[in-house]
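Chain residues, written in single-letter form:
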Amino acid sequence: MAEGRMKADEEAPPSPGLGGSAICCREVCRSYGELKVLSNLNLTVPQGHIYGLLGPSGCGKTTLLKCIVGTLKISRGHISVLGKPPAFPGHQVPGRMVGYMPQDLALYNEFTISDTLTFFGRIHGLSSKDTQARMDFLVDFLDLPQKSKLVRNLSGGQKRRVSLGAALLQNPQLLILDEPTVGVDPVLRAKIWQHLVEIVKTGKVSVVITTHYIEEARQANVVGLMRNGQLLAEGHPETMMKQHNAPTLEKAFLQLCETSDQVGSKDSTSPLGGVLESRQSFESGREESQPILGAGPGPVEELPKYSADWKVRVKHVMPKWRNIAALMIKTMVRMKRMPGSMCFQFLLPVIQISLMCLCIGGDPKGIQVAVVNNETSSSSFSQSLLSFLDNSSVQQVNLSHAEAFAGAYNGEYWAVIGFGKNFTSYLTKRVIQRQVSKEVVDGGSVHVWLDLTNQQIAMMLQKKLADALEMHGVLGGKYSTDYFSLSRFSFQFEEPIYGSMNSDFTTFVTPGAVLSITFYLAVGLTALSFVIERKEGLMDRCWVAGVSSLETVLAHLISQLFVISIQVILLLLLMLLVFKIPNEGSLVLVIALIVLQGLTGISFGLVISSAIDDEQNANQAALGIFYPNLIVSGIIWPVECIPYPLRYISLALPQTYASEALRCIMYRGWGLSRMMVWRGFAVTLGWNTFFLVLATVILKLRT
Ligand SMILES: Nc1ncnc2c1ncn2[C@@H]1O[C@H](COP(=O)(O)OP(=O)(O)OP(=O)(O)O)[C@@H](O)[C@H]1O
């Protein structure tokens, strides 16, 4: 086994850095906003050495490691890793040359141990045979449980060992390990150190390790003691102890801190507690501690000039299919392992659109109205008119005048309908005679008192009453020139040009609702998944392995395209076949527009997740934008009702023209030659491109 390990380790080609060092940091500064974390930091990791980076919590160790692996940009200074600055075009840092174990576990919980190592093997371009061989070695070496065990079911210590395994997988030339021994038992801790000592013996592998167990760092070839964003000293552990006359490394470190504090109080102008800035670097070859305290300025180093061919630069920015495929397989495997979440993703739009078709736009049912009919004859016009009232919508309750109004004021009835006792005779007079008295007009009218607190119900009641009056006029035969229906019969409504006589509010609202549902589900899923991945350190880990932000975005887009396609198929089947929403136009255009809106939702989700760091804020951003957009986009009420300044905003939103385009395709049967259709596609594509560019830029700026 050891032989196999050595052989694998020997395969890594040597890569001399600045002055033979694996890592060289000069005058490195990095801040988080106002907080200056690294301040003129100088550090040198000699090639083929283990470098123990020690320091109190919060002194900037993790920040420094992130700068070294290229996931964080430095504000000032210079870093060279294995010969070139991190992320330099064509350089494999981040990439295969570096193995990174972040402080967070940074593992996919739904993966098995085998999935985890296979995933990183794919990204590093290892053949499945090589990955398998390394996996067998690492499972044995790190004393891992069965490869088929889910990460979610591992203990904390086991997870850390899997994380370490992922960093060791490709036999990198540089290992960056951020507290790899936390939660690991002493026997295995010793084994890990033994392995590190062994791999650096070849001189081709270098290791930087941070640890809270200061004493274990005595096995390192060099230790760097860091405080307040600067390196106090770096050198061989034994030399450092000897120099400070300390029996342990911890005591030597304490003494250094005290001295640094004393110097700091004397020199208040010196930054960060007065730690002196210049120091001799370790790379001078002296295996001695090089305390910076009291040291004079070090030799001025000539920084090398780096250049890369344009072809290399182009290749560097071009997305790699290998990485995209690995990320897509990862998404699919995770979905397979979370069947509940997968069903939720596929069925949620279907449930939402079903609820919308069932609950929005239909006629109210069982609306109770109080009827006060003072006519007693069963052949009276009032009785005949009431018999034409749609009974499924309007439930008539016959009451006395006092009971009816008491009930209406009590909220039991939506209206009171009243007929005078001479309604039939007065109505006849009104129809027959040219001129009648006010008393006849009053007595021959149906009196209606409405509860107008719910406009939809009141409007429906008015329409039902008008319909009943019209039916009464037509079917009653005698009074086709009836005074009441005269105005209605002046218009003859012919077959509609577009749409049908039965068009209701549901027909209007469905296209916009479908686009909105597809858009916001995509926003929610994307924003959350990226924010969680970043929070758990998974994104950083993938980037250190060589995945670019463009590849991450593309892989997510393609795998979500698959999810959206299934969602759209289910949505359309339900809409067209079950709820019989008409479609006069091309189904291809309908699908294309809905899918494009879904992709725009993904892009917008990417913007949220690249700009926001925690789930709660990401959720708030997605939800906060949902309602204003729904209201202003003319999805639930026509844009024509929006007051003018706001209407211009409405027209610029991603779903306003798109909803109109979908309505034109579905209800008017229009194609792309019509402006109202292509405009919907153009606006959607425009927003999509804008969101994608914005997300990529934010991701780049935030590293
Ligand atoms: N993303 C961030 N935004 C703002 N401040 C940050 C961020 N990350 C780290 N910091 C701050 O930078 C400082 C250094 O953090 P860093 O994680 O580098 O320390 P560390 O030495 O690795 O600590 P530990 O040993 O506890 O892991 C801390 O004060 C921390 O609060």
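This one's a predicted model, so the numbers in the text were calculated from it and none came from an experiment.

### What about the sheet that holds strand β10 (residues 367–373)?
1) Next: One open sheet accounts for four strands, arranged β11-β10-β12-β13; its pairing is mixed. If you trace the sheet from one side to the other, it starts and ends with β11 (394–398) and β13 (447–450), each paired once. Strand-to-strand twist across the sheet, computed as the mean angle between neighbouring axes with direction ignored, equals 25 degrees.
2) Next: Bridge count between β10 and β11: five bridges; the pairing is parallel. Residue V369 lies in a different strand from β11, and its bridge partner there is Q396.

### Comments concerning helix α5 (residues 156–168)
1) Next: Taking 1.5 Å per residue as the helical rise, α5 with its 13 residues ought to reach 18 Å, and the 19 Å between its terminal C-alpha atoms agrees with that figure.
2) Next: Among the 13 residues that make up α5, 10 are buried, leaving the element largely enclosed by the rest of the structure.
3) Next: Looking at α5, one finds that the buried residues are K159, R160, R161, V162, S163, L164, G165, A166, A167 and L168.
4) Next: In the core, the buried residues of α5 are packed alongside β5 (98–101), α3 (113–123), α4 (128–141), β6 (174–178) and α6 (186–200).

### Structural notes on helix α12 (residues 339–359)
1) Next: The end-to-end C-alpha separation of α12 is 29 Å, in line with the 30 Å expected for 21 residues at 1.5 Å each.
2) Next: Where α12 bends most, the angle comes to about 40 degrees, and this point is L347, followed within four residues by the proline P349.
3) Next: Residues of α12 that are buried: P349, I353, M356 and C357.
4) Next: At its buried positions, α12 is contacted by α19 (505–535) and α21 (549–578).
5) Next: Directly after α12, the chain includes G361, whose backbone phi takes a positive value near 95 degrees.

### Notes on unusual backbone geometry
1) Next: Note that the residue after V93, namely P94, is joined by a cis bond; omega there is 0 degrees.
2) Next: Relative to the assigned elements, P94 resides in the loop between β4 (76–81) and β5.
3) Next: Even without being a glycine, A106 presents a positive backbone phi close to 50 degrees.
4) Next: Relative to the helices and strands, A106 resides in the loop between β5 and α3.
5) Next: Overall, the presence of 22 C-beta atoms within 10 Å leaves A106 in the buried class.
6) Next: Of note in the backbone geometry, E179 takes a positive phi value of approximately 55 degrees without being a glycine.
7) Next: One can find E179 in the loop between β6 and α6.

### Some points on the confidence of the model for the protein chain
1) Next: For the protein chain, the average pLDDT comes to 85, and 88% of its residues sit at 70 or higher.
2) Next: By mean pLDDT, helix α9 (residues 271–274) is the weakest element of the protein chain at 37, and α3 is the strongest at 96.
3) Next: For the stretch residues 268–298, pLDDT sits under 50, and the model shows 77 contacts to residues farther than four places along the chain or on other chains.
4) Next: Scored below 50 in pLDDT, residues 477–489 shows 14 contacts in the model against residues more than four places distant or in partner chains.
5) Next: Predicted as a complex, the structure gets a pTM of 0.77 and an ipTM equal to 0.97.

### Some words on the site of the ligand
1) Next: All residues in the neighbourhood of the ligand are listed as Y32, L35, V37, G55, S57, G58, C59, G60, K61, T62, T63 and Q103.
2) Next: Sorting the residues of the shell around the ligand by element identifies β2 (35–46) and α2 (61–69) as the ones contributing at least two each.
3) Next: Among the elements that make up the shell around the ligand, the one with the highest residue count is α2 (three residues).
4) Next: A class-by-class count of the residues in the shell around the ligand yields four nonpolar, seven polar and one charged.

### A few points about the sheet that holds β6
1) Next: Taken together, the six strands give an open sheet; going across it, the order is β5-β6-β7-β3-β8-β9, and neighbouring strands pair in mixed fashion. Bordering the open sheet on either side are β5 and β9 (230–235), each of which pairs with just one other strand. If you compare each strand with its neighbour and ignore which way they point, the axes differ by 15 degrees on average.
2) Next: Summarising the sheet, β5 and β6 pair through four bridges and their orientation is parallel. If you follow G99 over to β6, its bridge partner there is L175.
3) Next: Contacting β3 (50–54), β5, β6, β7 (206–210) and β8 (222–227), α2 runs over the sheet at an angle of about 155 degrees to β6.
4) Next: Here α5 sits on the sheet and contacts β5 and β6; the angle it forms with β5, its principal contact strand, is near 170 degrees.

Rules and cut-offs
- Residues numbered from 1 in each chain as written.
- Predicted model: local features only at pLDDT ≥ 70, side-chain atom pairs only at ≥ 80, totals over all residues.
- Pairing = 2+ DSSP bridges.
- Helix = DSSP H or I, 4+ residues; strand = E, 2+ residues; numbered from the N terminus.
- Axes fitted to C-alpha atoms, helices over the stretch in contact; angles between N-to-C directions.
- Expected span 1.5 Å × (residues − 1).
- Buried ≥ 20, exposed ≤ 12 C-beta atoms within 10 Å, placed from the backbone.
- Contact = placed C-beta atoms within 7 Å.
- Bend = angle between axes of the 7 residues up to and from the residue.
- pLDDT = per-residue confidence, 0-100.
- Near = placed C-beta within 6 Å.
- Nonpolar A, V, L, I, M, F, W, Y, C, P; charged D, E, K, R; others polar.

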